[in-house]
Amino acid sequence: MDLTYTAEEEHFRARLRDWLGKALPALPPKPSPDDWPGRRRYDLGWQRTLYDAGYAHVHWDADPTTRLIFLEETERAGAPYVGANFVGLLHAGPTIAAEGTDAQRARWLEPILRGEEVWCQGFSEPDAGSDLAALRTRAWRDGDDYVVSGSKIWTSHAEVADWCELLVRTDPTAPRHRGITWLAMPMDAPGITVRPLRTLAGSAEFAEVFLDEVRVPAAHRVGAENDGWRVTMVTLSFERGTAFVGEVVACRRVLGELAREACANGRWDDPVLRRRLALLEAEFRALWRLTQWNVSEASAGGVPGVGGSVFKLRYSHARQELYDAAADVLGDAALDLDRPWVLDRLSSLSYTIAAGTSQIQRNIVAERILGLPKGR
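Scope of this entry: the structure provided in the associated data block. All figures in this text were calculated on a predicted structure; none of them were measured in a lab. (Residues numbered from 1 in each chain as written. Predicted model: local features only at pLDDT ≥ 70, side-chain atom pairs only at ≥ 80, totals over all residues. Heavy atoms only, no water.)

This next bit is on the packing of aromatic side chains. Enumeration according to the criterion identifies seven aromatic pairs in this entry. Pairing W19 with Y55 gives two aromatic rings, centres 5.1 Å apart and planes at 45°, and the pair type is tilted. Taken together, the residues W19 in helix 1 (residues 7-23) and Y55 in the loop between helix 2 (36-53) and helix 3 (64-76) connect sequence positions 36 residues apart. Judged by its relative accessible area of 3%, Y55 falls in the buried class. When the centroid spacing of 5.8 Å and the interplanar angle of 85° are considered together, the rings of W154 and F206 count as edge-to-face. Pair noted here: W154 is in the loop between strand 3 (145-152) and strand 4 (163-169) and F206 is in strand 7 (residues 206-217), with a separation of 52 residues, a long-range link. Members of the aromatic cluster, each reached through a chain of ring pairs, are F12, W19, W46 and Y55. Geometry around W36 places R39 over its ring, the cationic atom sitting 3.9 Å from the centre. In this structure, R141 packs its charged tip against the face of Y146, placed 5.4 Å from the ring centre. (Phe/Tyr/Trp six-rings, centres within 6.5 Å; stacked < 30°, edge-to-face > 60°. Helix = DSSP H or I, 4+ residues; strand = E, 2+ residues; numbered from the N terminus. Buried < 20%, exposed > 50% of the residue type's maximum accessible area, 1.4 Å probe, protein only. Lys NZ or Arg CZ within 6 Å of the ring centre and 35° of its normal.)

Moving on, we come to the environment of H91. Here H91 lies in helix 4 (residues 86-99). Spatially, the C-alpha atoms of H91 and V234 are 8.8 Å apart, while their sequence positions differ by 143 residues.

This part covers the environment of G179. You can see G179 is positioned in the loop between strand 4 and strand 5 (180-186). For G179, a relative accessible area of 0% translates into the label buried. When the C-alpha atoms of G179 and G228 are compared, they prove to be 7.7 Å apart, with 49 residues separating the residues in sequence. Those residues in contact with G179 that lie beyond four places of it in its chain are V168, R169, T170, D171, A174 and N226. (Contact = heavy atoms within 4.5 Å.)

Between the first and last C-alpha of helix 5 (residues 102-113) there are 16 Å, a value that for 12 residues agrees with the 16 Å anticipated at 1.5 Å per step. Of all the residues in helix 5, the buried ones are Q104, W108, L109, P111, I112 and L113. On its buried face, helix 5 is in contact with helix 2, helix 4, strand 1 (119-122), strand 4, strand 5 and strand 8 (221-222). Directly beyond the C-terminal end of helix 5, a positive phi value near 75° is found at G115. (Expected span 1.5 Å × (residues − 1).)

Looking now at the pairing of strand 7. Here strand 3 runs beside strand 7; their pairing, made up of seven bridges, is antiparallel. In the strand pairing of strand 7, D145 is matched with P217. (Pairing = 2+ DSSP bridges.)

Here the focus is the side chain of K152. On the secondary structure map, K152 appears in strand 3. By relative accessible area, which is 2% here, K152 ends up buried. Looking at K152, its side chain comes within polar contact range of the main-chain oxygen of F123, at 3.2 Å. A polar side-chain atom of K152 sits 2.9 Å from a polar atom in the side chain of E125. Residues within four places of K152 in sequence aside, it is in contact with G122, F123, S124, E125, P126, L135, T137, L166, L167, A207, E208 and V209. (Polar contact = N/O pair within 3.5 Å; in protein donor to acceptor, adjacent residues only side chain to side chain.)

This is how it looks when you write it as structure tokens:
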């Protein structure tokens, strides 16, 4: 497999790099981390800037390698992360592009790309834990609508979202994986209550969402009724396979910053620490190559394969190891929340849970890649 870039791809990289050098200094100041309405405006504004410059299309219309270069260069340049846009741009949008009808693609994709609408993810439930197929939020058909009742938890950016990619159970008598449906729910519909959740790091980007007979038009169903598990696997393939690309680049940047900090504060004299940072450098180099492999595989069918689970499993632990090493570099300052990398260390604890726990990823690798039998 050829993992090198073509001359045309390198030309795109150079053009993008030049544009970023001009666009980033013109950005307004970033809002406070707790100001989610302000962060919504900031993130949507950046998305609109990308759209006007002709770069927003790379999320869906460009080939995967171009998308990889885009994510690599924007992260290296310190461009804003997708932020409040991440569910729409990285999960819901690609799913609708792959599975939606022409009318659905026309309705939702352009507003996401233009920075006009924010999406949240309504998958997890309080009593389902890591077993997503155990969801119990119920939806029944009533004329041209589904009527939805239940609750969701860890709903990313629900308090500022316009739409929710929502999983519901439409046939409670069917086997667990066969009675699920994927809906696009408007967040201003009557019957929705949103309660923000504060994380260990002090942020509130998650929320509980309570649904009391919320009416969702049947035209907002993506895929067939009761075929939502298959559609969800498409969503999770994007979430695990390509959504973390920019974060790998960010981790490699942080690793270099840690080495420089260790040289400055004397911690570099510790051979154990030097070896630890060297192993992390090798780890993230390997993860970057795996990312390129996943992107190359996606070039054939447009949807990342199960290799995304291999990546997500190892990346989650590597990220935690990186910020544990950061604590070693900082020493006592690792308890100061105002120091770089300290809040990142707290947030890294969630990565072995988010987007499917490490235990779930191991099951996927064992069954779908290694061909091992399912446990009883």
